[in-house]
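# Residue-level structural notes
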Amino acid sequence: MFKAIVSADTLTDALDSVSVLVDECKIRLNEEELSIRAVDPANVGMVDLSLDAAAFESYEADGGVIGVNLGRLEDIAGMANSGDLIQLELNEETRKLHIQIDGLSYTLALIDPDSIRQEPDIPDLDLPAEVVLEGSQLNRGITAADMVSDHISLRVDESEEAFYIEAEGDTDDVDLKLTSEDLIDLTAGPANSLFSLDYLKDMNKAIPKATEVTVDLGEEFPVKLHYEFAEGLGHVTYMLAPRIQSD
Amino acid sequence: MFKAIVSADTLTDALDSVSVLVDECKIRLNEEELSIRAVDPANVGMVDLSLDAAAFESYEADGGVIGVNLGRLEDIAGMANSGDLIQLELNEETRKLHIQIDGLSYTLALIDPDSIRQEPDIPDLDLPAEVVLEGSQLNRGITAADMVSDHISLRVDESEEAFYIEAEGDTDDVDLKLTSEDLIDLTAGPANSLFSLDYLKDMNKAIPKATEVTVDLGEEFPVKLHYEFAEGLGHVTYMLAPRIQSD
Amino acid sequence: MFKAIVSADTLTDALDSVSVLVDECKIRLNEEELSIRAVDPANVGMVDLSLDAAAFESYEADGGVIGVNLGRLEDIAGMANSGDLIQLELNEETRKLHIQIDGLSYTLALIDPDSIRQEPDIPDLDLPAEVVLEGSQLNRGITAADMVSDHISLRVDESEEAFYIEAEGDTDDVDLKLTSEDLIDLTAGPANSLFSLDYLKDMNKAIPKATEVTVDLGEEFPVKLHYEFAEGLGHVTYMLAPRIQSD
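Below, the structure is looked at part by part. (Residues numbered from 1 in each chain as written. Chains lettered and ligands numbered in written order. Predicted model: local features only at pLDDT ≥ 70, side-chain atom pairs only at ≥ 80, totals over all residues. Heavy atoms only, no water.)

## Points about the packing of helix α3 (residues 135–145) of chain A against helix α4 (residues 197–206) of chain A
Residue and element names in this part refer to chain A. As a reminder of what qualifies: For every element, the axis is a line fit to its C-alpha atoms; helices are fit only across the contacting stretch, and the angle between N-to-C directions ranges from 0 to 180 degrees. For the purposes of this entry, the term helix denotes a DSSP run of H or I that reaches at least four residues, the term strand denotes a run of E that reaches at least two, and both are numbered from the N terminus. Each crossing gets its handedness from the near helix: less than a right angle anticlockwise from the far helix is left-handed, clockwise is right-handed. Any pair of residues with heavy atoms lying within 4.5 Å of one another is described as a contacting pair. Three residue categories are used. Nonpolar comprises Ala, Val, Leu, Ile, Met, Phe, Trp, Tyr, Cys and Pro, charged comprises Asp, Glu, Lys and Arg, and polar comprises the others, including Gly.
At a minimum axis distance of 10 Å, the contact between α3 and α4 shows a crossing angle of 145°. For the pair α3 and α4, the sense of crossing is left-handed. Here Gly-135, Leu-138, Asn-139, Ile-142 and Ala-145 of α3 come into contact with α4, specifically with Leu-197, Leu-200, Lys-201 and Asn-204. Among the residues making up the contact of α3 with α4, the classes are represented as 5 nonpolar, 3 polar and 1 charged.

See below:
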């Protein structure tokens, strides 16, 4: 059983954060929250999303799992105006999701959850450094890095108390230095890892630019990026595996 | 003889409503009005446009017919700013149309009207149902239908006093229900016909979203869509042949 | 030695005016001004740009020459917000340009100036007619000409005291007549030359639409287009060779 009403903005924010990594996913419809975990086909980037029942206008669920095509669901949510409410109701017999937006009814065929890549276990890493910054700062560093390289290095300089976003190209280099004045918060620690820029660009697309993003980092360790949406009732965690540093 | 001055907006609205169906057309320059009738190459969609002499700043004509390339004429009209006046004058000897927009002169070679597809006779159908709605509502239904199918069904439910825009895809379905509260006006009657979405999408492109559109419908009959422009002095009627319902 | 601070807008305006003609150029870093001269690969269009030291927030240079990839430099400048300051500093040893924008550092590899096409001598022509008009008027004539032809004729009618921008296509013609009322200034003289529209379209892209442009013309002679930017402290001159009139 699943029946819910949610604002178009909240639903869209939730779907966008997952669709940057995968085309299809399982959605867990638990009593207390809706949740999604997914990993990209190369097993490099993961996402863990939860949206609290309180983020919905109304929410009833009893623990089922549905498989959805994210692009299709985003297109449907895109038919709503910002501020519109979207009604969702699962028909258990037909395995179809009924979606209503102000007079418009859409019947979406679901995907067999067993045919969708297994949900990843997101490891509980103890990462020594934590940087809290605005989405727009992260965006600036990623955009600059993309001008010169396919890789990006995220580094904390403990003595300077600064966070560096760096990229080395064949001829040109770029770095963005963010001191504790530029950052919302910094817990310095040994942290320097290299990442594929493609994945970070995809994750960055979904991160609202005005949002506070928490970046957990270590030495050649995965990075974790956390942010909230839906006024704190939605949580997204991205995890990205590091690349081996070549020099 | 043809000599006229018209606002860029009015001319553009008139041309756009025809160019969604055909690339070239005949324009009849009657004493009382300018008029265009055209049918697409597959004989599925027709347009009938009239623009009253009073919609022009000045208008003099004596019944000639010219053939024009619509895209070219739209490009020229696009050189005007909204609010600009466009002067049109036919040179009978050279068979060229002289167009002037604030210092800019354009000499447009006309097309021999005999080389253009014959104007259709638009049948005078007695359709039992009539729906009057905002262009934006029609647009919403067409956009949603386009997500799942190439066909669209327009239907009036007489007992519910509602107008349905519906589409059935291979896996997903969509429908927009508009009750008499959502509509500007509804004359219920037996009406349920299936149409090619491509044509309706083209017509929809030309229909201003804030305009009142009248939809005349029957049972497996053509649909007629009417709307006005140029403050009621311009009239457009589209007619679209139905597809055979397959189920 | 070169070290300067300049507003992002000023730098972008300067780079854009050159990049419409060439991909790479030499920049002369003189004590009094920064200057660029370049000619397109076909030797048809030239640009001569100078930006006074006073247009910079700070400027120190001693006559060096650097070679740059313009697209790359434009991308970097594009990372700044309008109103941001850009710091430039040449490292003589590494032959790299260090660019700083609010915490972001970019190290740009320079190009060996000897590998860049030689700077043209821009001939000091004594052209008999001079037209001063708004960039938007020139833009209007060029856009209209582009609808019918690959060539454009610029002509001064001495008796009418008017400037004509004209194009003749295979079937259609277009002309924009600008009288002394439409123009900012006109020094009439024998002037009528035909130009490649492609080049003039490229130059037109860089000319701000609200700017005063001075057009110097003769009879089958090159045209010179001058305009200022950076509040009069930057000067651009384009020169374009004429095409032979065929009729």
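Anyway, onward from the coordinates.
## Describing the interface of chain A and chain B
You'll often see interface size given as the accessible area lost when the parts meet. This is how it is decided: Buried area: the accessible surface (1.4 Å probe) lost by two parts on joining, summed over both. Salt bridges are identified by distance alone: a Lys or Arg side-chain nitrogen within 4 Å of an Asp or Glu carboxyl oxygen. Polar contact is the term for a pair of N or O atoms within 3.5 Å; when the atoms are in protein, one must be able to donate a hydrogen and the other to accept it, and sequence-neighboring residues count only if both atoms are side-chain atoms. A pair of strands counts as paired when DSSP detects no fewer than two bridges linking them.
Taken together, the 14 residues of chain A in the interface contact 12 residues of chain B. Taken together, the two surfaces of chain A and chain B that pack against each other cover about 1100 Å², and 51% of this comes from carbon and sulfur. Taken as a group, Met-79, Leu-104 and Tyr-106 of chain A account for 41% of the area that chain A buries against chain B, more than any other trio of residues on that side. Where chain A packs against chain B, one counts 1 salt bridge. Between Asp-172 of chain B and Arg-72 of chain A there is a salt bridge; the shortest N-O distance is 2.9 Å. At the boundary of chain A and chain B, one finds 10 residue pairs in polar contact (both at pLDDT 80 or more). Taken together, the elements giving at least two residues each to the side of chain A that touches chain B come down to α2 (70–77), β8 (96–101) and β9 (104–109) of chain A. Among the elements that make up the side of chain A that touches chain B, the one with the highest residue count is β9 of chain A (6 residues). Here the residues of the side of chain A that touches chain B sort into 7 nonpolar, 3 polar and 4 charged. Sheet topology places β9 of chain A next to strand β13 (residues 173–179) of chain B; 4 bridges connect them, and they run antiparallel. Bridge pairing in β13 of chain B links Tyr-106 of chain A to Val-174 of chain B.

## Some thoughts on the interface of chain C and chain A
Across the boundary between the two partners, chain C contributes 14 residues, which contact 12 residues of chain A. Three residues stand out in chain C for area buried against chain A, namely Met-79, Leu-104 and Tyr-106 of chain C, and they jointly supply 42% of the buried area on that side. Seen at the junction of chain C and chain A, the total is 1 salt bridge. Counting across the interface, chain C meets chain A through 10 residue pairs in polar contact (both at pLDDT 80 or more). Among the elements of the structure, α2 (70–77), β8 (96–101) and β9 (104–109) of chain C are those that each provide at least two residues to the side of chain C that touches chain A. Considering each element in turn, the side of chain C that touches chain A owes the most residues, 6 residues, to β9 of chain C.

## So, the environment of Asp-157 of chain B
Residues and elements named next belong to chain B. Position of Asp-157 among the secondary structure elements: in strand β11 (residues 151–157). Between the C-alpha atom of Asp-157 and that of Ile-5, which follows or precedes it by 152 residues, the distance is 46 Å. Asp-157 has contacts with Ala-162 and Tyr-164, leaving out every residue within four places of it along the chain.

## Some details on the relation of the copies chain C and chain A
The following threshold applies: Only residues with pLDDT of at least 70 in both copies count here: their C-alpha atoms drive the least-squares fit that superposes the copies.
For the pair chain C and chain A, the relating rotation is 120°, the translation along its axis is 0.0 Å, and the fit reaches an RMSD of 0.1 Å. The transformation relating the two chain copies, once decomposed into turn and shift, fits a three-fold axis. The rotation axis passes nearest to the C-alpha of Ser-82 of chain C in chain C, at a distance of 17 Å.

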